[in-house]
Amino acid sequence: MSDEALLRHYDGGQDLVARAMELLREAGKDLSRLSIDDLVGLDEFHVRGREATLSLARRLSLAGGERVLDIGSGIGGPARRLASLAAVDVVGVDLTPAYVDLANALSRLVGLEARVRFEVADALSLPFPDARFDVAWTQHVQMNIADKDRFMSEIFRVLVPGGRLALYDILQGPGGEVAYPMPWASQPSMSHLATPGAFRAAMERAGFVVESWEDVTATCRDWAARRYGAPPPPNAATVARLLGARNAAGAANIPRNLAEDRIAIVEAIARRPSAA
Ligand SMILES: C[S@@+](CC[C@H](N)C(=O)[O-])C[C@H]1O[C@@H](n2cnc3c(N)ncnc32)[C@H](O)[C@@H]1O
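Description of the structure in this document.

What counts, and at which threshold
The residue numbering used here restarts from 1 in each chain and proceeds along that chain's sequence as written. For this predicted model, a pLDDT threshold of at least 70 governs which residues receive local features, and a threshold of 80 or more governs which side-chain atom pairs are given and counted, while totals over whole chains, interfaces and linings are taken from all residues. In computing side-chain properties, one takes all heavy atoms of the structure into account and sets aside hydrogens as well as water. A helix here means a DSSP run of H or I that spans at least four residues, while a strand means a run of E at least two residues long, and both kinds are numbered starting from the N terminus. Any residue under 20% of the maximum accessible area for its type is buried, any over 50% is exposed, and the rest in between are partly exposed; the area is computed with a 1.4 Å probe on protein chains only. Should any heavy atoms of two residues lie within 4.5 Å, those residues are counted as being in contact. A residue counts as positive if it is Lys or Arg and as negative if it is Asp or Glu; His and the chain ends are not included. A single reference atom marks each charge: NZ on Lys, CZ on Arg, CG on Asp, CD on Glu. Here the nonpolar core consists of buried residues drawn from Ala, Val, Leu, Ile, Met, Phe, Trp, Tyr and Cys, with membership extended through side-chain atoms lying within 4.5 Å. Here, a salt bridge means any side-chain nitrogen of Lys or Arg that lies within 4 Å of a carboxyl oxygen of Asp or Glu. What makes a residue near a molecule or strand is one non-hydrogen atom of that residue sitting within 4 Å of it. Pairing of N or O atoms within 3.5 Å defines a polar contact, subject to two protein rules: one partner must be a possible hydrogen donor and the other a possible acceptor, and residues neighboring in sequence count only if both atoms are side-chain atoms. Accessible areas in this description were obtained via Shrake-Rupley with a 1.4 Å probe; residue shielding takes into account the shown protein chains only. For a helix, the expected span equals 1.5 Å multiplied by the number of residues minus one. Two strands qualify as a pair provided DSSP detects at least 2 bridges between them. Note on handedness: a crossover is taken as right-handed if, strands pointing away from the viewer, the path from the first strand over the helix to the second is clockwise. To obtain each axis, a line is fitted to C-alpha atoms, and for helices this fit is confined to the stretch in contact; angles are then taken between N-to-C directions over 0 to 180 degrees. Any angle between 65 and 115 degrees counts as roughly perpendicular, while under 35 counts as roughly parallel, over 145 as roughly antiparallel, and the rest as oblique. Should the near helix be turned anticlockwise from the far one by less than a right angle, the crossing is termed left-handed; should it be turned clockwise, right-handed. Each residue gets one label: Ala, Val, Leu, Ile, Met, Phe, Trp, Tyr, Cys and Pro are nonpolar, Asp, Glu, Lys and Arg are charged, and the others, such as Gly, are polar.

1. So, the overall build of the chain
Regarding its fold elements, the chain presents 11 helices and 7 strands. Taking the principal axes of the C-alpha coordinates as reference, the chain spans close to 55 × 45 × 35 Å. Buried positions account for 54% of the 276 residues belonging to the chain. Nonlocal contacts in the chain, meaning residues at least 24 apart in sequence, comprise 80% of its contacts between residues at least 6 apart. Seen as two clouds, the 31 positive and the 35 negative side-chain charges of the chain have centres 3 Å apart.

Written out as structure tokens, the structure is:
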């Protein structure tokens, strides 16, 4: 599966900046006075949305002053949220140029462009020197990446000794093959789900020490039942409306895959050990 197929899957060939502005206006937002809370629902592209970002941020407990890298930053909601919770600067990287453009446009609209910036890059070849960041953050990205060892070793490389990785991710559950489409993959060839054991082993092979690892599948299952049982109002600015039919088809399979334990979702913190 080529990067091009993945890009087509994610951007759908649309002008996402124009579409996002249209959705925000339809939702009654004043674009000259936007805050990050006006973007909730639109700019976090993972199960449990803002709730998941806040939960992982609590686990991470930033002190302020850390240099943070968000790998696979999407539309940028999590990076902006982190910058609003603590005095940190965040760089986000993502493979999809349309997402990077929209993420930067939204940061400008909420006045965070000096502290939160996004650039196009592949997680498997991060354009940064060794030991450049104190914290790495990634949510729902590695499902598109077959080479888990390379993914983990690149993150390890750009972290300072003693630096931490915060991860919220989808893994293969015990209930059998995932039913596609899913939001990250219109077809199985785009998806590379590892079992929890295999994924954790890849983290450890890269040199990480796993400090916390919690299976949050049950929490996600409850969230999905609520979210898909009572959809937001039709004029709400949401990821589903931004990305259109392909995303909606994938999202519709989330409750089933969770209910049947075909996917597992974990929140984890790992550390690059300090040099001896
Ligand atoms: C489901 S979205 C999650 C976005 C964001 N982390 C969030 O939670 O809101 C997956 C993202 O991973 C990005 N992605 C997939 N493969 C990538 C790679 N090799 N390098 C960088 N980004 C990648 C996609 O472009 C997409 O933005």
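2. A look at the nonpolar core
Counting residues in each nonpolar core, the largest one holds 63 residues, and the members touching the most others are Trp184, Leu242, Ile263 and Ile265. With 6 residues, helix α5 (residues 97–109) is the single largest residue contributor to this core. Among all residues touching Trp184, those that are not within four sequence positions of it are Leu6, His9, Tyr10, Met143, Asn144, Ile170, Met190, Ser191, Leu193 and Ile263. If you look at the next biggest cluster of nonpolar residues, it comprises 30 residues, including Ala121, Phe128, Phe133 and Val158.

3. So, the pattern of salt bridges
Taken as a whole and judged by the stated rule, the model has 22 salt bridges. Linking Asp37 and Arg50 is a salt bridge whose minimum nitrogen-to-oxygen distance equals 3.3 Å. Of this pair, Asp37 sits in the loop between α2 (16–26) and α3 (49–60) while Arg50 sits in helix α3, placing them 13 residues apart in sequence. With a shortest N-O distance of 3.7 Å, Arg200 and Glu204 are connected by a salt bridge. Of this pair, Arg200 and Glu204 both sit in helix α7 (residues 196–206), separated by 4 residues, roughly a single helical turn. Look at the salt bridges and you will find they share partners, linking Arg48, Glu51, Arg59, Glu214, Arg226 and Glu267 into a network.

4. Some words on the site of the ligand
Taken together, the neighbourhood of the ligand is formed by 21 residues, with Phe45, His46, Gly72, Asp94 and Thr96 sitting nearest. Take Gly72: an N or O atom from its main chain is 2.6 Å from a nitrogen atom of the ligand. For the ligand, whose accessible area on its own is 600 Å², the fraction buried by protein is 98%.

5. Looking at α3
Relative to the 16 Å expected for 12 residues at 1.5 Å per residue, α3 spans 17 Å between its end C-alpha atoms, a close match to the ideal helical length. Every buried residue of α3 is listed here: Gly49, Ala52, Thr53, Ser55, Leu56, Ala57 and Leu60. Looking at the buried residues of α3, the elements they touch are α4 (77–85), β4 (133–139), β5 (159–172), α8 (217–229) and β7 (263–271). Positive phi shows up at Ser61, right after α3, with a value of about 50 degrees.

6. Some thoughts on the pairing of strand β2 (residues 89–94)
Along β2, 5 of the 6 residues are buried, which leaves the element largely enclosed by surrounding structure. With 5 bridges connecting them, strand β1 (residues 67–71) and β2 associate as parallel partners. The residue bridging Leu69 from the neighbouring strand is Val91, located in β2. In terms of handedness, the path from β1 via α4 over to β2 forms a crossover that is right-handed. Sheet analysis places β2 next to strand β3 (residues 116–120), joined by 5 bridges and oriented parallel. When the sheet's bridge partners are listed, Asp94 is paired in β3 with Val120.

7. Some words on the packing of α3 against α4
Where α3 contacts α4, the two axes come as close as 10 Å, and the packing angle between them is 50 degrees. When the axis of α3 is compared with that of α4, the two are oblique. Between α3 and α4 lies a crossing whose hand is right-handed. Residues Arg50, Thr53, Leu54 and Ala57 of α3 form the contact with α4, whose participating residues are Pro78, Arg81, Leu82 and Leu85.

8. Topic: the packing of α2 against α5
Interhelical geometry of α2 versus α5 gives an angle of 45 degrees and a closest axis separation of 9 Å. One finds that α2 runs oblique with respect to α5. The residues of α5 that touch α2, namely those facing Leu16, Val17, Ala20, Met21 and Leu24, are Ala98, Tyr99, Asp101, Leu102, Ala105, Leu106 and Leu109. Here the contact of α2 with α5 is built from residues that sort into 11 nonpolar, no polar and 1 charged.

9. Structural notes on the environment of Leu106
As for its placement among the helices and strands, Leu106 is situated in helix α5. For Leu106, a relative accessible area of 0% corresponds to the buried category. A C-alpha to C-alpha distance of 8.8 Å links Leu106 and Asp43, two positions 63 residues apart in sequence. Apart from residues no more than four positions distant in its own chain, Leu106 is found in contact with Met21, Leu24, Leu39, Asp43, Ile75 and Arg80.

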